[in-house]
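So the chains spell out like this:
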Amino acid sequence: MHTSVETVGASTSWDLEVDVLIIGAGACGMAAAIAAHDAGAQVAIVEKLDRPGGNSSLSTGSVPGANSRFQREAGIVDSVETMIADLQRIGADSELPALTHRMAAISAELCEWLVDHVGARMALITDYCHVGHTIPRLHAPVSRRGQDLVDDLLAAVAQRDIPLATNNPVQTLYRNAEGAVVGAGVGGSGVESSRIGARNVILASNGFAGNRELVARYCDEIAGAEYFGALGSQGEAVLWAEQLNARLANMRAYQGYAAVAYPHGSLLSWTTIEKGGVLVNASGQRFGNEDLGYSAYARHVLAQDTNVYAVFDERIKDLASKEDEFRELINYGGLKHADSAEELATFFKLPPESLAQSIAQFNEAAAGRATDAHGRSRFGMAPLTGRLWICRVTPGLFHTQGGLAVDHDGRVLDLHGAVIPGLFAGGGAAAGISGGAGAGGYASGNGLLTAIGLGYIAGRAAAV
Ligand SMILES: Cc1cc2nc3c(=O)[nH]c(=O)nc-3n(C[C@H](O)[C@H](O)[C@H](O)COP(=O)(O)OP(=O)(O)OC[C@H]3O[C@@H](n4cnc5c(N)ncnc54)[C@H](O)[C@@H]3O)c2cc1C
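Residues numbered from 1 in each chain as written. Predicted model: local features only at pLDDT ≥ 70, side-chain atom pairs only at ≥ 80, totals over all residues. Heavy atoms only, no water.

Draft legend 1. Spotlight on the overall build of the chain. Helices and strands together make up the secondary structure of the chain, namely 16 helices and 21 strands. Relative to the compact-globule value of 23 Å for 464 residues, the chain shows a C-alpha radius of gyration of 23 Å, a close match. The buried share of the chain, taken over its 464 residues, is 60%. Taken as a whole, the chain presents about 17,400 Å² of accessible surface, with 48% of it coming from carbon and sulfur. Averaging the locations of the 34 positively and 49 negatively charged side chains of the chain gives two centres separated by 3 Å. (Helix = DSSP H or I, 4+ residues; strand = E, 2+ residues; numbered from the N terminus. Rg over C-alpha atoms; globule rule 2.2 N^0.38 Å. Buried < 20%, exposed > 50% of the residue type's maximum accessible area, 1.4 Å probe, protein only. Areas by Shrake-Rupley, 256 points an atom, 1.4 Å probe, with all protein chains shown as cover. Lys, Arg positive; Asp, Glu negative; His and termini not counted. Charge placed at Lys NZ, Arg CZ, Asp CG, Glu CD.)

Draft legend 2. Fine view of helix H13 (residues 324–331). Taken residue by residue, H13 has Asp 324, Phe 326 and Leu 329 as its buried positions. Considering only its buried residues, H13 is in contact with strand E13 (252–261), helix H9 (271–274), strand E15 (308–313), helix H12 (314–320) and strand E17 (388–400). Downstream of H13 by one or two residues, Gly 333 has phi in the positive range, about 80°. (Contact = heavy atoms within 4.5 Å.)

Draft legend 3. Geometry of the site of the ligand. Taken together, 40 residues sit near the ligand, with Glu 47, Ser 56, Thr 60, Asn 206 and Leu 448 positioned nearest. Side-chain polar atom of Glu 236 to a nitrogen atom of the ligand: 3.1 Å apart, as the coordinates give it. Here the ligand, which alone exposes 1,000 Å², has 97% of that area covered by the protein. At the level of secondary structure, the elements contributing two or more residues to the shell around the ligand comprise helix H1 (27–38), helix H2 (54–58), helix H8 (236–244), E17 and helix H16 (446–463). Partitioned by chemical class, the residues of the shell around the ligand number 15 nonpolar, 22 polar and three charged. (Near = heavy atom within 4 Å. Polar contact = N/O pair within 3.5 Å; in protein donor to acceptor, adjacent residues only side chain to side chain. Nonpolar A, V, L, I, M, F, W, Y, C, P; charged D, E, K, R; others polar.)

Draft legend 4. Spatial organisation of the pattern of salt bridges. Within this structure, the stated rule accounts for 25 salt bridges. Arg 160 is the partner of Asp 38 in a salt bridge, and the nearest nitrogen-oxygen pair spans 2.7 Å. Of this pair, Asp 38 sits in helix H1 while Arg 160 sits in the loop between helix H6 (146–159) and strand E7 (164–165); the two residues are 122 residues apart in sequence, bridging distant segments of the chain. Across the pair Arg 121 and Asp 152 runs a salt bridge, and its minimum N-O distance is 2.9 Å. Note that Arg 121 is positioned in the loop between helix H5 (97–118) and strand E5 (122–124) and Asp 152 in helix H6, a separation of 31 residues in sequence. (Salt bridge = Lys/Arg side-chain N within 4 Å of Asp/Glu carboxyl O.)

Draft legend 5. Fine view of the packing of helix H4 (residues 80–90) against H5. Relative to each other, H4 and H5 sit at 140°, their axes nearing to 9 Å. One way to sum up the angle between H4 and H5 is to call them oblique. In this structure, H4 meets H5 at a crossing whose hand is right-handed. The segment H4 lies against H5, with Val 80, Met 83, Ile 84, Leu 87 and Gln 88 engaging Pro 97, Thr 100, His 101, Ala 104, Ala 105 and Ser 107. (Axes fitted to C-alpha atoms, helices over the stretch in contact; angles between N-to-C directions. Parallel < 35°, antiparallel > 145°, perpendicular 65-115°, else oblique. Left-handed = near helix turned anticlockwise from the far one by under 90°.)

Draft legend 6. Expanded view of the environment of Glu 213. Here Glu 213 is to be found in helix H7 (residues 212–218). For Glu 213 and Ala 223, which are 10 residues apart along the polypeptide, the C-alpha to C-alpha distance reads 9.1 Å.

Draft legend 7. Examining the packing of aromatic side chains more closely. In the structure shown here, the tally under the stated rule is 11 aromatic pairs. A connected cluster of aromatic rings, assembled from ring pairs, spans Tyr 257, Trp 270, Tyr 294 and Phe 398. Above the face of the Trp 14 ring, Arg 195 is positioned so that its terminal group lies 5.4 Å from the ring centre. When the ring centre of Tyr 456 is taken as reference, the NZ or CZ atom of Arg 460 above it lies at 4.1 Å. (Phe/Tyr/Trp six-rings, centres within 6.5 Å; stacked < 30°, edge-to-face > 60°. Lys NZ or Arg CZ within 6 Å of the ring centre and 35° of its normal.)

Draft legend 8. Spotlight on the sheet that holds strand E6 (residues 138–141). Pairing within the open sheet is antiparallel, and its three strands lie in the order E4-E6-E5. Looking at strand neighbours, the two that pair on one side only are strand E4 (63–64) and E5, the edges of this open sheet. (Pairing = 2+ DSSP bridges.)

Draft legend 9. Representation of the nonpolar core. Trp 113, Leu 114, Leu 173, Leu 203 and Ile 452 are the most contacted members of the largest nonpolar core, which totals 86 residues. Here the element with the most residues in this core is H16; it accounts for 11 residues. Contacts of Ile 452, omitting those with residues within four sequence positions, involve Ala 27, Ala 31, Val 63, Leu 110, Trp 113, Leu 114 and Leu 149. Counting residues in hydrophobic clusters, the runner-up holds 48 residues, among them Val 311, Phe 312, Phe 362 and Leu 388. (Core = buried A, V, L, I, M, F, W, Y, C linked by side-chain atoms within 4.5 Å.)

Draft legend 10. Quick peek at the pairing of E13. For E13, the buried fraction is high: nine of the 10 residues fall into the buried class. Examined bridge by bridge, E13 and strand E21 (residues 437–438) share two bridges and lie parallel to one another. Note on E21: the bridge partner recorded for Ala 253 is Gly 438. In terms of strand pairing, E13 meets E17 through six bridges, oriented antiparallel. In the strand pairing of E17, Gln 255 is matched with His 399.

Draft legend 11. Structural context of H16. In this model, H16 (18 residues) spans 25 Å end to end at C-alpha, consistent with the 26 Å of a helix rising 1.5 Å per residue. Counting buried residues along H16, 17 of its 18 residues qualify, which places the element largely inside the surrounding structure. (Expected span 1.5 Å × (residues − 1).)

Draft legend 12. Main features of the side chain of Asp 372. Locating Asp 372 in the fold gives a position in the loop between helix H15 (352–366) and E17. Residue Asp 372 is classed as buried on the basis of its relative accessible area of 7%. A polar atom in the side chain of Asp 372 sits 2.8 Å from the backbone nitrogen of Arg 376. Ignoring anything within four residues of it in the chain, the contact list for Asp 372 reads Arg 286, Phe 362, Ala 365 and Phe 379.

Okay, here's the thing in structure tokens:
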């Protein structure tokens, strides 16, 4: 992958000129394009791959909103302050705390904008809070498929006649003699090169989780896990930042996932664990506190030198079955079930007595008759009872959370904290709100909140 930053003179000629050029057609890029267009700017989006969507289309499409209209309609009391407290409880070491405040403050407006102006078919999830949140505030497509959200964003982009060019990888950023970014160059093998001039450029090219070298450099604790995101996340924004002397922040933060169904490669819904399921190793034993959540627990699964399995009961399976992907996993034979722990163990040749004992001990703790050996304090619907289900799982890296430091408008900052004129960043390209390091600071929805939230903010600011 080639990336460069070149300086051009005032008389340089462009193949195309727009007010706002957006690099990347995921949730961030499309939200930015819609916001900039609606604020009166002439906008274009260039996308590296042959189809838009990126990681956004692989996500569950969940976006948090604190004190949204939808929460109030459901009788849920929430506030920006509560959301900030939730995010800071797990992500206190963030290098950009002001960004956390900014994102929480616009989160409700964002969810309402998605429904009212973009036409996204989203609803408040009231069944669960998910990782990091103390109040149900995630808004998601009913299917829990990010692809539905991407389709709605794409429809809104098309409705506005915003040009979106796929197969157009940006390799070069152009800046003028004063250091302002003034355009970008598309190129690569088999691609007709072109130079696009822009008053403002928005980096919406996501993070670097698909770039093994950058993952090893910045997020080494999860470098051994497979990457389960989209191919486009190769870290160009980080490489440009290094050449532009832009400030990078929260670079060691990432989202992991402790339970990717093996060998299917789809998510085993964390509802299965949050609502009372457990993870066991090939010895049939639990190895940690699942309360850590799907992101932070991923490295504990990675540290097991054996296969790992999720075990839960029929009631939990029924609850998770509200999610399309979970039902599909069942249909594809990804889950096995049995009427006893001993019988369940036979599917994957686990020691039956050991599995039965692990579940019995866990059930004692869940019933309040013993302290959990691993410190778990939230047991959902456990003790596990009746028919049991099992799924082999593997840990995954979903996306990186570090990136370019931005101000409250999404403008990229340099190493001294000054704005780099003409350059904005959002989503995985920008620094996230999941703490400074590791996966423990990731609260559900942090990825899309900074993608759509910073896209929305940056799009409007870049249009001015
Ligand atoms: C399986 C999975 C589940 C997830 N679930 C959730 C969830 O429920 N909620 C949540 O908040 N987050 C979730 N995340 C994280 C979330 O998907 C990302 O944080 C978010 O999608 C990032 O959006 P983005 O627009 O920045 O990047 P993307 O959606 O990846 O879009 C970036 C686009 O830029 C393109 N691009 C890259 N480089 C270039 C270039 N040089 N030139 C042109 N185009 C380029 C890419 O091809 C891509 O299309 C999940 C991630 C995964 C993998």
